Amino acid sequence: MVPHITQSEFAEKVENVSYPVLVDFFATWCGPCKMMAPVLDRVALAKQGKAAVYKVDVDQEPELAQRFGVMSVPTLIVFKGGSAARQFVGVQSEQTLLKALD
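Report on the accompanying structure. (Residues numbered from 1 in each chain as written. Predicted model: local features only at pLDDT ≥ 70, side-chain atom pairs only at ≥ 80, totals over all residues. Heavy atoms only, no water.)

## A short note on the state of the cysteines
Next, step 1: What the rule picks out here adds up to one disulfide.
Next, step 2: In this model Cys30 forms its disulfide with Cys33; the gap between the sulfur atoms is 2.4 Å. One disulfide, between Cys30 and Cys33, carries an S-S torsion of 80° and so falls in the right-handed class.
Next, step 3: You can call Cys30 buried: its relative accessible area is 4%. (Disulfide = S-S within 2.5 Å. Buried < 20%, exposed > 50% of the residue type's maximum accessible area, 1.4 Å probe, protein only.)

Rendered as structure tokens:
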């Protein structure tokens, strides 16, 4: 299961690391977000030790969602070198996300 992170953990776990990080901005009430959960679990498993995958609940962390311009969920952002490198909106395939993390 992909861990949830908060604003207080964001810099440490996403921005201050050298490896790629995929962050799923989601909401508990969002149907497509629920569809993404098993895909994210598989991506996290496939990239274990090479990249990290986290989830941010936009209802719990509205400041983070606003900071990254999240207008709809799910929004998935790939961070490389601490900066947002790629952004996807809506349901994405496992292959698309794996490729983005390479």
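Let us keep going from here.
## Some thoughts on the pairing of strand E4 (residues 83-89)
Next, step 1: Here six bridges tie strand E3 (residues 75-80) to E4, and the two strands are oriented antiparallel to one another. Looking across to E4, one finds that Ile77 is bridged to Gln87.
Next, step 2: Hairpin connection, E3 to E4: the antiparallel pair is bridged by two residues, and Gly81 has positive phi, about 60°. (Pairing = 2+ DSSP bridges. Helix = DSSP H or I, 4+ residues; strand = E, 2+ residues; numbered from the N terminus.)

## Structural notes on the side chain of Gln92
Next, step 1: With respect to the element layout, Gln92 can be found in the loop between E4 and helix H4 (94-101).
Next, step 2: Side-chain polar atoms of Gln92 contact the backbone oxygen of Gly90, separated by 3.4 Å. (Polar contact = N/O pair within 3.5 Å; in protein donor to acceptor, adjacent residues only side chain to side chain.)

## Some details on H4
Next, step 1: Every buried residue of H4 is accounted for by Leu97, Leu98, Ala100 and Leu101. For H4, the angular spread of the buried residues around the axis is 160°, confining them to a single face. Within H4, the exposed residues directed more than 90 degrees away from the buried face are Gln95 and Lys99.
Next, step 2: Among the structural elements, strand E1 (21-26), helix H2 (31-46), E3 and E4 are those in contact with the buried residues of H4. (Arc of directions from axis to C-beta. Contact = heavy atoms within 4.5 Å.)

## Notes on the packing of H2 against H4
Next, step 1: The geometry of H2 relative to H4 is characterised by a closest axis approach of 10 Å and an angle of 40° between their N-to-C directions. In terms of orientation, H2 lies oblique with respect to H4. With respect to the hand of their crossing, H2 and H4 are arranged in right-handed fashion. Every residue of H4 that contacts H2 at Met36, Val39, Leu40, Arg42, Val43 and Ala46 is listed here: Glu94, Leu97, Leu98 and Leu101.
Next, step 2: Among the residues making up the contact of H2 with H4, the classes are represented as eight nonpolar, no polar and two charged. (Axes fitted to C-alpha atoms, helices over the stretch in contact; angles between N-to-C directions. Parallel < 35°, antiparallel > 145°, perpendicular 65-115°, else oblique. Left-handed = near helix turned anticlockwise from the far one by under 90°. Nonpolar A, V, L, I, M, F, W, Y, C, P; charged D, E, K, R; others polar.)

## Focus: H2
Next, step 1: Between its first and last C-alpha, H2 extends 24 Å over 16 residues, near the 22 Å set by a 1.5 Å rise per residue.
Next, step 2: Of all the bends in H2, the largest measures some 30° and sits at Ala37, one to four residues before the proline Pro38.
Next, step 3: Listed as buried for H2 are Cys33, Met36, Val39, Leu40 and Val43.
Next, step 4: Residues of H2 that are buried make contact with E1, strand E2 (52-57), E3 and H4. (Expected span 1.5 Å × (residues − 1). Bend = angle between axes of the 7 residues up to and from the residue.)

## Considerations on the sheet that holds E4
Next, step 1: Pairing in this open sheet of four strands is mixed, and the strands run E2-E1-E3-E4 from one edge to the other. The open sheet is flanked by E2 and E4, the only strands paired with a single partner. Recorded for the sheet is a direction-independent mean angle of 20° between the axes of neighbouring strands.
Next, step 2: Packed on one face of the sheet, helix H1 (residues 7-15) meets E1, E2 and E3 and runs near 145° to E1.
Next, step 3: Strands in contact with H2 are E1, E2 and E3; relative to E2, the strand with the most contacts, it is inclined by about 155°.

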